[in-house]
Amino acid sequence: MRKECEDFKLLGNFQAPAEPVCEECIKTNAHWVHLRTCQTCGQTLCCDSSPNTHMTMHYKSTNHPVVISAEQGEQWIFCYVHNTIKEY
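First, a word on what this report is: a plain description of the structure on this page.

What counts, and where the lines are drawn
- Residues numbered from 1 in each chain as written.
- Predicted model: local features only at pLDDT ≥ 70, side-chain atom pairs only at ≥ 80, totals over all residues.
- Heavy atoms only, no water.
- Phe/Tyr/Trp six-rings, centres within 6.5 Å; stacked < 30°, edge-to-face > 60°.
- Helix = DSSP H or I, 4+ residues; strand = E, 2+ residues; numbered from the N terminus.
- Buried < 20%, exposed > 50% of the residue type's maximum accessible area, 1.4 Å probe, protein only.
- Disulfide = S-S within 2.5 Å.
- Contact = heavy atoms within 4.5 Å.

1. Notes on the packing of aromatic side chains
Stage number 1. With the rule as written, the count across this model stands at three aromatic pairs.
Stage number 2. Seen in terms of ring centroids, Phe-14 and Tyr-88 are 4.1 Å apart; in terms of plane orientation they differ by 40°. Their pairing is tilted. Remark: Tyr-88 occurs in the segment after strand S5 (84-87) and Phe-14 occurs in the loop between helix H1 (6-9) and helix H2 (23-28); sequence separation between them is 74 residues.
Stage number 3. For Tyr-88, a relative accessible area of 38% corresponds to the partly exposed category.
Stage number 4. Look at Tyr-59 and Tyr-80: their rings are 4.6 Å apart centre to centre, the planes differ by 5°, and that puts the pair in the stacked class. Of this pair, Tyr-59 sits in helix H3 (residues 54-62) while Tyr-80 sits in the loop between strand S4 (76-79) and S5, and the two are 21 residues apart along the sequence. Here the two residues Tyr-59 and Tyr-80 agree in accessibility, since each one is buried.

In structure tokens form, the structure reads like this:
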């Protein structure tokens, strides 16, 4: 049986995005495919299918491990450290 990600256990209430935009793409007038919201700081950035992969860059520079999908109708969390995804 697979053990649950320890980082998921540390979460309280999920932080939803303040605005459904990639905060970094907006600065350069770039486009994104999907959005993710960091559960440590609340920043919303674009996914790895997007040209700039801002959320992965955010993880690599901050070590904030857990994101949720910021897409309407999607309810999942992902941990970069454990490469684990879970619906909620």
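Text resumes after the structure shown.
2. A look at the state of the cysteines
Stage number 1. Evaluation of the coordinates by the stated rule reveals zero disulfides.
Stage number 2. We note that Cys-38 lacks a disulfide partner, and the nearest cysteine sulfur, in Cys-41, lies 3.7 Å from it.
Stage number 3. According to the relative accessible area criterion, Cys-38 is buried, its value standing at 0%.

3. Structural notes on the environment of Ala-30
Stage number 1. Within the fold, Ala-30 resides in the loop between H2 and strand S1 (35-38).
Stage number 2. What makes Ala-30 partly exposed here is its relative accessible area of 24%.
Stage number 3. With 22 residues separating them along the chain, Ala-30 and Asn-52 place their C-alpha atoms 8.2 Å apart.
Stage number 4. Beyond its immediate chain neighbours, meaning those up to four positions away, Ala-30 contacts Cys-25 and Asn-52.

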